[in-house]
Amino acid sequence: MLLNLGGQQEVSSAMGPGKRSVLWVRGCSILCSGCITPEYLDHAVRTETTVEEVCEWITRMKFEHQIEGVSFSGGEPFEQAKALAFIARACRELGLSIQSWSGYTKRYLEKGHAPDGSRELLETLDVLIDGPFIRQRPTSLPLRGSSNQHLHLLTDRYKVEDFEQRYMELVIDPKQTRAVGVMNHAHLRAALALSGILGDV
Ligand code: SF4
């Protein structure tokens, strides 16, 4: 089974509780105005990897960085739900927690016409942050881009207080410097300008 993977981050403290590895999948049909990750929207761009390769990478991250979990972002994770459910089950066997964002609402994902494998993926998650990004509804809530998005604790692994931090990380890499975290455009512009590295964006 293949996962169309746009990006990955070995370890981050800005994408959920504790230290986490992050997968950004490629492809999203929702197309919110002002999406902060437009580079991951096009399903036609294929940068595929096998789910087994991803599981091996996550296993290595657990031992190299002592991550406590993995976060799925994108792109739209539920448009590749079957592949991510496979990965999530392997993560659970390693004792890792799983968090995912989705531009679809939880209610929609629980229905029959949700993308294939959605129920399967929902059953593996500890945390879901759901709903499309609505530019006209800004928020300062951690890990959410707009105020319509909700945090769902699907297991008893975490409490709401575990999600109170609001970090952004700047990853400086010779190939690509990038910001990691969920933030509004004003915060992102301010942080990148303050870094003095990228100037305005
Ligand atoms: S659902 Fe997420 S990835 Fe898809 S367009 Fe909206 S903000 Fe972007």
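Refer to the preceding data block for the structure.
Residues numbered from 1 in each chain as written. Predicted model: local features only at pLDDT ≥ 70, side-chain atom pairs only at ≥ 80, totals over all residues. Heavy atoms only, no water.

1. Overview of the layout of surface pockets
Line of reasoning, step 1. There is about 170 Å³ of room inside the second largest pocket.
Line of reasoning, step 2. Along the walls of the second largest pocket sit G6, G7, Q8, Y40, D173, K175, Q176 and R178, which together make up its complete lining.
Line of reasoning, step 3. Here the lining of the second largest pocket gets three residues from one element, more than from any other, and that element is strand 1 (residues 2-12).
Line of reasoning, step 4. Partitioning the lining of the second largest pocket into residue classes produces one nonpolar, four polar and three charged. (1 Å grid on protein atoms, 1.4 Å probe; cavity = no way out; pocket = protein on both sides within 12 Å on 5 of 7 lines; lining within 4 Å. Points joined across faces, edges and corners; volume = space filled by probe spheres on them. Helix = DSSP H or I, 4+ residues; strand = E, 2+ residues; numbered from the N terminus. Nonpolar A, V, L, I, M, F, W, Y, C, P; charged D, E, K, R; others polar.)

2. Structural notes on the pairing of strand 4 (residues 69-73)
One face of the sheet, then the other: side chains in a regular strand alternate in exactly this way.
Line of reasoning, step 1. Counting buried residues along strand 4, five of its five residues qualify, which places the element largely inside the surrounding structure.
Line of reasoning, step 2. Burial along strand 4 is two-sided: G69, S71 and S73 facing one way and V70 and F72 facing the other are all buried.
Line of reasoning, step 3. Two strands pair when backbone bridges link them, and strand 2 (residues 20-25) and strand 4 are joined in this way by five bridges, in the parallel orientation. Paired with W24 across the two strands is S73, which belongs to strand 4. (Buried < 20%, exposed > 50% of the residue type's maximum accessible area, 1.4 Å probe, protein only. Pairing = 2+ DSSP bridges.)

3. Here's the deal with the sheet that holds strand 4
Line of reasoning, step 1. Taken together, seven strands build an open sheet; the order of strands is 3-1-2-4-5-6-7 and the sheet is mixed. In this open sheet, the two edge strands, each paired with only one partner strand, are strand 3 (48-50) and strand 7 (150-153). This sheet shows a mean twist of 30° between the axes of neighbouring strands, independent of strand direction.
Line of reasoning, step 2. Judged from the four bridges that link them, strand 5 (residues 97-102) and strand 6 (residues 127-130) form a sheet pairing that is parallel. In the strand pairing of strand 6, W101 is matched with I129.
Line of reasoning, step 3. Docked against the sheet, helix 1 (residues 51-65) engages strand 1, strand 2, strand 3 and strand 4, running at close to 5° with respect to strand 1. (Axes fitted to C-alpha atoms, helices over the stretch in contact; angles between N-to-C directions. Contact = heavy atoms within 4.5 Å.)

4. Here's the deal with the environment of V70
Line of reasoning, step 1. Within the element layout of this structure, V70 appears in strand 4.
Line of reasoning, step 2. Through-space distance from the C-alpha of V70 to that of R119 is 19 Å; in sequence the pair is 49 residues apart.
Line of reasoning, step 3. For V70, the residues in contact, after removing those within four places along its chain, are R20, S21, I58, C91, L96, S97, I98 and Q99.

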